[in-house]
Amino acid sequence: SVETNALAAQLERLGLEKVEKYPNCFPEVNPIDIYRSHITSLMHEVTGIDPAIIYPAVQWTQSLDKGDAILAVPALRVKGKKPAELAEEWIAKFPESPLIEKPSAAGPFLAFFFKPAGLTKFLIPTIRKHGESYGKNPHNGLVDPNDPNSGKKKMIVEFSSPNIAKPFHAGHLRSTIIGGFLSKLYEGAGWDVTRINYLGDWGKQYGLLALAWEKWGEEEALLADPINHLFNLYVRINQDMTAEKEIIEQKKNLGEDVSELLANCLDEQARKYFRRMTDGDADAVAIWKRFRDLSIVRYKKTYARLNIEFDVYSGESQVPESDMENAAKVLHDKGVSEDSDGAVLIDFSKHVPGKPGKGLEKAVIRKRDGTALYLTRDISELLNRQKKYDFNHIIYVVASAQDLHLKQLFKTIELMGHEDIAKKCQHINFGLVLGMSTRKGTVKFLDDILRDVGDTMHEVMKKNETKYAQIEDPAAVADILGISSVMVQDMSGKRINNYKFNMETMTSFEGDTGPYLQYAHARLCSIRRKVGLSDEELDSADLSLLTEKHATDLVRLLGQWPDVVQNTLKTLEPTTILTYLFRMTHVISSSYDHLRIVGSEKELQKARMALYDSARTVLSNGMKLLGLTPVVRM
Ligand code: ARG
């Protein structure tokens, strides 16, 4: 095949005849796997140990001074001798190799350094050839990773999931950013990914919203900005409802008969209206559907700015009543749920052994008036997703404030007899954003934040008049930079950590920020523009000229990229990617003084430009994986 031929050519360049294909070794897409495979073969020669044990034990390192690959001797499970002793013995016997230096011992580890000349000559053309797909590994998502014909596994990522007519708060923002990233991560790993937005679009509050619309709704305002108009209506009627409740309460305290007031109050009207919706009353459903459809149109525009597109807009409204009744029956028949004062609940302490109080507590699944709840809907929605998509794995990207809710959901599915489904469910949680506000006040919607951060970036850009004049559409670039600021700040720490929304730090060019990454990318683009070398010239560059430590260190880092992505599939933390990108961009920026292009002779220019251009490819791939749009000028 084409892949095999390309690989053969690469091996020739390395002076290798062949590479053993161990399980989960993908030399066609991960160049370092060639080295891992080679190390494994040599280690097998030296130790006689089964390569299947050696290969997975050859790991990447955290910093370049520790080597390019590292092997923990105890992982090879040789009995009777100390790891350090074994290491010494093996090093003494280690044969010469065209690819790697003789290993060195570091405590119980063997450290391997790749020979830089070979790595450079081999890696840069590989990155140039793979381009945008460098770092992707389509084998991961296969039913059998080692069998290309086994078909893709199916992943559902549910994320963002805002509530119509309510603020799009920080929790939704984080869910959107993290969910968008995870979807891209799994897609790059060869999974068949379906992105679902599970809208909060059902419940009594949507009856209340419809009442507000009947009272004060304005057609034009709705069409112009549905999300804001609905939100304003919702706020207004909630104020009325609260005021009304207070009055009723006061009268009650004075001993007056409030039964008539209660029967006609907004809360009761909303309940009745929602009942019409659940009963399928055509008019009631039509109004609600308009709100939903218009909101979705608006949401889509915002998501597009973040490079996100959902495959499905599902939502709480989409769960059929009949499905929830069926689920209730199963729960009842299996003795999972119980009646309590006319309501139905699950007392998890009866089903989950554990310390009282530390468990999953109790959850109501039917109110006394017969209405379903958030959890009730989630149960049936999950079962329906399994039927509809037959997924291998499902991820819920939801704030850690809902840890208990999702634990209850997964446990309920298990107690219903669907252990198989429960095993495929994963909650990806995250902490809070503190102090999120804009100059214009507290944030209500994502668009407000993005507009505000974009404005800030625009002001920063204007300070450099010459550069500013060269940018074709500065407002658009400012918008992208603003979005990058927000996203990078969000992804900098571990997901579970809270962080403080800080407009000043996030928009700064100092430190590990979005603008810094964008600047690093734009600078690489600008160097390429200025030097004006063609792709053919870079392809024919004499890479043996790249001998300086700055150059070879950068090459070594670029080689790690596919492994960084692999590792991220384990951590599922965007910060794993970001940390690497910052490490890499710091090395690039400290290289500029040592690996000059301007003033160097042509051949050296070509070689260095080929290196910088490979770095740009990796940086761009990383940024895109995070959901950022790399800019070429700023
Ligand atoms: N709409 C919910 C909220 O804003 C989030 C939904 C999370 N997903 C779920 N399947 N429960 O809190």
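Residues numbered from 1 in each chain as written. Predicted model: local features only at pLDDT ≥ 70, side-chain atom pairs only at ≥ 80, totals over all residues. Heavy atoms only, no water.

**Q** For the site of the ligand, give the residues involved together with the corresponding values.
**A** The ligand sits among Glu158, Ser161, Asn163, His172, Tyr198, Tyr374, Asp378, Tyr396, Val398, Gln402 and His405. Backbone polar atom of serine 161 to a nitrogen atom of the ligand: 2.9 Å apart, as the coordinates give it. Histidine 172 has a polar side-chain atom sitting 2.7 Å from an oxygen atom of the ligand. Judged by the fraction of its atoms near the pocket grid, the ligand is located in the largest pocket. Taken together, the residues of the shell around the ligand sort by class into 4 nonpolar, 5 polar and 2 charged. (Near = heavy atom within 4 Å. Polar contact = N/O pair within 3.5 Å; in protein donor to acceptor, adjacent residues only side chain to side chain. 1 Å grid on protein atoms, 1.4 Å probe; cavity = no way out; pocket = protein on both sides within 12 Å on 5 of 7 lines; lining within 4 Å. Sits in = over half its atoms within 2 Å of the grid points. Nonpolar A, V, L, I, M, F, W, Y, C, P; charged D, E, K, R; others polar.)

**Q** Run through the sheet that holds strand E11 (residues 393-397), naming residues and quoting values.
**A** Note: strands within a sheet are paired through backbone hydrogen bonds, in either parallel or antiparallel orientation. Pairing is parallel across the open sheet formed by 5 strands, whose spatial order is E7-E6-E5-E11-E12. Strand pairing shows two members of the sheet lacking a second neighbour, strand E7 (312-315) and strand E12 (425-428), which therefore form its edges. Averaged over all adjacent pairs, the angle separating strand axes in this sheet is 25 degrees, with direction ignored. Relative to E11, strand E5 (residues 154-158) runs parallel, the two sharing 4 bridges. Paired with isoleucine 156 across the bridge in E11 is isoleucine 394. Sitting on the sheet, helix H12 (residues 282-305) is in contact with strand E6 (192-199) and E7, with an inclination near 130 degrees to E7. (Pairing = 2+ DSSP bridges. Helix = DSSP H or I, 4+ residues; strand = E, 2+ residues; numbered from the N terminus. Axes fitted to C-alpha atoms, helices over the stretch in contact; angles between N-to-C directions. Contact = heavy atoms within 4.5 Å.)

**Q** Describe a positive patch on the surface, with residues and values.
**A** Taken together, the side chains of Lys467, Arg523, Arg529, Lys530 and Arg633 define a basic patch exposed on the protein surface. Considering each element in turn, the positive patch owes the most residues, 3 residues, to helix H21 (residues 514-531). Tracing the sequence through the fold places arginine 523 in helix H21. (Patch = residues over 30% accessible without salt bridge, like charges linked within 9 Å, V, L, I, M, F, W, Y side chains within 5 Å. Areas by Shrake-Rupley, 256 points an atom, 1.4 Å probe, with all protein chains shown as cover. Salt bridge = Lys/Arg side-chain N within 4 Å of Asp/Glu carboxyl O. Lys, Arg positive; Asp, Glu negative; His and termini not counted. Charge placed at Lys NZ, Arg CZ, Asp CG, Glu CD.)

**Q** Now, about the packing of aromatic side chains: what can you tell me, with residues and values included?
**A** For the coordinates displayed, the defined rule picks out 17 aromatic pairs. Each ring, one from phenylalanine 168 and one from tyrosine 299, has its centre 6.4 Å from the other, and the planes form 50 degrees; the classification is tilted. Within this pair, whereas phenylalanine 168 is found in the loop between E5 and helix H6 (170-188), its partner tyrosine 299 is found in helix H12, the two being separated by 131 residues in sequence. Using a relative accessible area of 5% as the deciding quantity, one classes tyrosine 299 as buried. Every member of this aromatic cluster is reached through a ring pair, and the members are Phe159, Phe168, Tyr299, Tyr303, Phe310 and Tyr313. The ring of tyrosine 273 has arginine 276 sitting right over it, with the charged end atom 4.8 Å from the ring centre. Its guanidinium or amino end placed over the ring of tyrosine 198, arginine 385 lies 5.3 Å from that ring's centre, counting from NZ or CZ. (Phe/Tyr/Trp six-rings, centres within 6.5 Å; stacked < 30°, edge-to-face > 60°. Buried < 20%, exposed > 50% of the residue type's maximum accessible area, 1.4 Å probe, protein only. Lys NZ or Arg CZ within 6 Å of the ring centre and 35° of its normal.)

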